[in-house]
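Structural description and commentary
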Amino acid sequence: MMVSARTSGLRRVTDLLILGATIAFAILWLVPVIWVVAMSLKPNAELMHSTAGFLPIPFTLDNYIGLLKLDTVPRWLMHSLIVSVTMTLMVLFVSSMAGYAFARLEFPFKKTLFMAMVAGLMVPEQAVFIPLHTMVSGWGLHNTHFALVMPRVAVPIGVFLMMQFFRSVPKELEEAAAIDHASRLTIFLKIMLPLSIPALTTLGLFTFIFAWNDFLWPLVSATKADMYTVTVGLASIQSNFAFSEGLGQVMASAVFASLPIVLLFLIFQRFIVAGVAMSAGK
Amino acid sequence: MSANSLKAAHRRDVLAAYLFLAPFAVIYATFLVYPFFKGLWISLHDWELAGNYREYIGFLNYEDLWLDAIFWKAVGNTLNFVAMTVPTMTALALVLALAVFGQGRLKGVLRSVFFMSSVFSVSVVTLIWSMVLSADNGLLVPLFNMIGVKPINFLGHPTLAMPSIALTTLWWGVGLPMALFLAALSQIPPELYEAAELDHAGRFTVLKNITLPSIRHTVLLVLVLQIVGQFQIFGQAHLMTQGGPANRTRMLVQYIYETSFRDWQVGYATAMSFGLFILMLGFTMAQLWLGRKGDE
């Protein structure tokens, strides 16, 4: 016991040292973000002179006001919202239904269909984005929300996650309902879906973040600046920001565009970490 | 229940199953399976993005690819980038996870800090880091001035451009693997640690003999996810260096994108994307195989 008291004292010191180092590293991690936020709150005239400093002195909201007057950034934001929300709802819809079928129902060709779905996990977006592009342009559907959403709805990983979740639900819950002659749809809607709200929240959050931040497909599918999502729109001003005088405004648009997703993260961060735990499995 | 009604129930289930699967299956077939095979078909053509020019040329695109110096340069750059990011990302994520694992408000805040950068989109991340690394008005310029050295143009520097993109990627992407490690750490049975405590095992011994072996499956998972993810690098290079200086940071996906959407050579670009697909598949398979071998 005496020995262990000494070692535990030493242990506490090293614990504190590690914690201190971690805090220092975390501050370093945040520095670029704080700097960008500070720049977005400074007048452009000041930024032409110097970009140094982490405090917005002198302070101004002009960059944000100018942004709202421009109308493009709010429009991009709206497209991102429409696309991300629709995509999230559709992913939840198709994944939970298919996941339920794979987890709980018996049907011919189940194994084959399952393998066909799992194989899709191996195909990266980069392998199909060109044929997708020619397909969508054949239908004349570029620059539509439909084209931005649909190719990214059938994600095998979503089905996989929902299937894993439904498998963990005790069978007895369903059997009781089946004896009462409830249809599969009733069982699914009244029993399974309410139980799976945590799983659906997690899948939904990840889908939303993915949809919001996706770059390659919106970049090739939305060719008109009017139809850009906020990620693509920001990239389009970024390539020539060096020549523009509106550095403060560019920084403001980056902050403005990130606000919804950061808010979502702060509200739901518990679910996000729990969701990773769930998807990692054992 | 009689045999007949059981059969009827089963038939109803089969019908229900297909109806439940239908929405996913239709979208999956239309937007993933079909484009995949259509891509293979396109890659056998001399196919232009605009206009109607397309001619069947067999495997000629693949033969051209074999002789394309820029393609191999892009493969080399991508492999270089993967080699720079995957081990460091995995190690950093593991170290951070170990540091922020546990109870307490402070640790919760620290977890959020390291995870938060991964919710930013690629255009925000590259904007931030292009500014940080800029030689004109970058974050480090005052530091260079202080020691009296001319600020380095990181992104325009032939050897520093790639590590700069790797650093940006590390900052952006460490959150998810860190969270995966946190999840794995929380699954380790506390009895193992209690036993180690009784033996007065040191911190390092515990890490080596208990923690690391317990999470080896997650390490493998993170490595596979990282390899697949980093092979697809596009935005960072496209937005920060445009592949420069002198093709030093030209990545595979970027070359595919330019070939199809700047040069309009869709057939050739599709052949290239299947090259990427096979490369990624090979690496993932090798990884999984090695991991399984290590388990035996």
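Keep in mind that what you see is a predicted model, and the values were worked out from it rather than measured.

Across its full length, chain A carries 14 helices and zero strands. In chain A, the order of α-helices and β-strands from amino to carboxyl end is α-α-α-α-α-α-α-α-α-α-α-α-α-α. Relative to the globule expectation of 19 Å for 282 residues, the C-alpha radius of gyration of chain A, 25 Å, shows a markedly less compact shape. Dimensions of chain A, computed from the C-alpha atoms along their principal axes, are close to 80 × 75 × 35 Å. Within chain A, buried positions represent 48% of all 282 residues.

Topologically, Q226 of chain B is positioned in helix α11 (residues 216–231). In this structure Q226 of chain B touches V86, M89, T90 and P177 of chain B, once residues within four positions along its chain are discounted.

Glancing now at the UniProt feature "domain: ABC transmembrane type-1" (unreviewed entry) in chain B. Within the UniProt annotation, "domain: ABC transmembrane type-1" (unreviewed entry) is assigned to residues 75–289 of chain B. Helix makes up 73% of residues 75–289 of chain B and strand makes up 0%, while its end C-alpha atoms are separated by 23 Å.

In this section: the pattern of salt bridges. Where side chains of opposite charge bring their charged atoms close, a pairing between them can arise. A full pass over the atoms with the stated rule returns eleven salt bridges over all chains. R75 of chain A is the partner of D71 of chain A in a salt bridge, and the nearest nitrogen-oxygen pair spans 3.1 Å. With a closest N to O distance of 3.2 Å, R184 of chain A and E174 of chain A form a salt bridge. Taken together, the residues R184 of chain A in helix α10 (residues 184–195) and E174 of chain A in helix α9 (residues 171–179) connect sequence positions ten residues apart. Via salt bridges that share partners, R104, E174 and R184 of chain A together with D13 of chain B belong to a single interconnected network.

Residues and elements named next belong to chain B. Between the first and last C-alpha of helix α5 (residues 122–133) there are 16 Å, a value that for twelve residues agrees with the 16 Å anticipated at 1.5 Å per step. In terms of residue burial, α5 counts as a mostly covered element, since twelve of its twelve residues are buried. Taken as a whole, α5 has its buried residues at V122, S123, V124, V125, T126, L127, I128, W129, S130, M131, V132 and L133.

A cluster of nonpolar side chains, contributed by L121, M122 and I157 of chain A together with M285 and L288 of chain B, occupies part of the molecular surface with about 410 Å² of accessible area. Here M122 of chain A is to be found in the loop between α5 (110–120) and α6 (125–138). Judged by relative accessible area, which is 37%, M122 of chain A ranks as partly exposed.

The next subject is helix α8 (residues 156–168) of chain A. Here α8 of chain A spans 19 Å end to end across 13 residues, near enough to the 18 Å set by a 1.5 Å rise per residue. All of the buried residues along α8 of chain A are P156, G158, V159, L161, M162, M163, F165 and F166 of chain A.

Glancing now at the packing of aromatic side chains. The full count for this structure, using the stated rule, is 36 aromatic pairs over all chains. Ring geometry for W76 of chain A versus Y228 of chain A: centroids 6.1 Å apart, planes at 45°, classification tilted. Here W76 of chain A is found in helix α4 (residues 72–104), whereas its partner Y228 of chain A is found in the loop between α12 (216–221) and α13 (230–238), with 152 residues between them in sequence. Residue classification places Y228 of chain A among the buried positions, given a relative accessible area of 16%. On the basis of an interplanar angle of 20° and a centroid distance of 5.2 Å, the ring pair of F24 of chain B and Y28 of chain B is categorised as stacked. Of this pair, F24 of chain B and Y28 of chain B are both found in helix α1 (residues 3–42), four residues apart, which corresponds to roughly one turn of the helix. Among the aromatic residues, those joined into a cluster by ring pairs are F25 and W29 of chain A together with F114, F120, W129 and W171 of chain B.

You can see P87 of chain B is positioned in helix α3 (residues 69–100). P87 of chain B sits 30 residues away from S117 of chain B along the chain, and the two C-alpha atoms are 19 Å apart.

What follows covers the packing of helix α9 (residues 190–198) of chain B against helix α10 (residues 203–214) of chain B. Residue and element names in this part refer to chain B. Look at α9 against α10: their axes get within 11 Å of each other, and the N-to-C directions meet at 170°. Relative to α10, α9 is oriented roughly antiparallel. Between α9 and α10, the contacting residues are L192, Y193 and A196 on the first element and V206, I210, T211 and S214 on the second. The residue inventory of the contact of α9 with α10, partitioned by class, reads five nonpolar, two polar and no charged.

This brings us to the UniProt feature "transmembrane region" (unreviewed entry) in chain A. Residues and elements named next belong to chain A. Residues annotated in UniProt with the feature "transmembrane region" (unreviewed entry) correspond here to residues 16–38, 76–101, 113–133, 145–166, 187–212 and 250–268. Helix makes up 96% of residues 187–212 and strand 0%, and the two end C-alpha atoms of the span are 33 Å apart. Counted over residues 250–268, helix gives 100% and strand 0%. Its end C-alpha atoms are 28 Å apart.

Turning to the interface of chain B and chain A, a few remarks are in order. Residue-level contacts link 88 residues of chain B with 91 residues of chain A. Roughly 7,600 Å² of surface becomes buried between chain B and chain A when both sides are summed, with 80% attributable to carbon and sulfur atoms. Of all residues in chain B, F20, F24 and F31 of chain B give up the largest surface area on contact with chain A, accounting jointly for 11% of the area buried on that side. If you look at where chain B meets chain A, you find two salt bridges. With a shortest N-O distance of 2.9 Å, D13 of chain B and R184 of chain A are connected by a salt bridge. No other element matches the 22 residues that α1 of chain B contributes to the side of chain B that touches chain A. Its residues assigned to classes, the side of chain B that touches chain A shows 62 nonpolar, 21 polar and five charged.

Bringing the layout of surface pockets into the picture now. Estimated volume of the second largest pocket: approximately 970 Å³. Taken together, 23 residues line the second largest pocket, and the ones lying closest to its centre are D15 and I18 of chain A together with L98, F101 and R203 of chain B. Secondary structure elements with two or more residues in the lining of the second largest pocket: α1 (2–40) of chain A together with α3, α9 and α10 of chain B. In terms of residue class, the lining of the second largest pocket is built from 15 nonpolar, three polar and five charged.

Our next topic: unusual backbone geometry. For the peptide bond that leads from I57 of chain A to P58 of chain A, omega is -10°, which places it in the cis range. Topologically, P58 of chain A is positioned in the loop between α2 (44–49) and α3 (62–70). Following G244 of chain B, the chain continues to P245 of chain B via a peptide bond in cis, the omega torsion being -15°. Counting through the fold element by element, P245 of chain B comes out in the loop between α12 (235–240) and α13 (252–261).

This part takes up the UniProt feature "transmembrane region" (unreviewed entry) in chain B. All names here are of chain B. Taken from the UniProt record, the annotation "transmembrane region" (unreviewed entry) applies to residues 15–37, 81–101, 113–132, 160–185, 218–239 and 266–290. Strand forms 0% of residues 113–132 and helix 75%; the C-alpha atoms that close the span are 19 Å apart. The span residues 160–185 is 92% helix and 0% strand, and its two end C-alpha atoms sit 35 Å from each other.

Quick notes on the rules
- Residues numbered from 1 in each chain as written.
- Chains lettered and ligands numbered in written order.
- Predicted model: local features only at pLDDT ≥ 70, side-chain atom pairs only at ≥ 80, totals over all residues.
- Heavy atoms only, no water.
- Helix = DSSP H or I, 4+ residues; strand = E, 2+ residues; numbered from the N terminus.
- Rg over C-alpha atoms; globule rule 2.2 N^0.38 Å.
- Buried < 20%, exposed > 50% of the residue type's maximum accessible area, 1.4 Å probe, protein only.
- Contact = heavy atoms within 4.5 Å.
- UniProt positions renumbered as here; feature names shortened; annotations may be inferred.
- Salt bridge = Lys/Arg side-chain N within 4 Å of Asp/Glu carboxyl O.
- Expected span 1.5 Å × (residues − 1).
- Patch = residues over 30% accessible without salt bridge, like charges linked within 9 Å, V, L, I, M, F, W, Y side chains within 5 Å.
- Areas by Shrake-Rupley, 256 points an atom, 1.4 Å probe, with all protein chains shown as cover.
- Phe/Tyr/Trp six-rings, centres within 6.5 Å; stacked < 30°, edge-to-face > 60°.
- Axes fitted to C-alpha atoms, helices over the stretch in contact; angles between N-to-C directions.
- Parallel < 35°, antiparallel > 145°, perpendicular 65-115°, else oblique.
- Nonpolar A, V, L, I, M, F, W, Y, C, P; charged D, E, K, R; others polar.
- Buried area = accessible area lost by both parts, 1.4 Å probe.
- 1 Å grid on protein atoms, 1.4 Å probe; cavity = no way out; pocket = protein on both sides within 12 Å on 5 of 7 lines; lining within 4 Å.
- Points joined across faces, edges and corners; volume = space filled by probe spheres on them.

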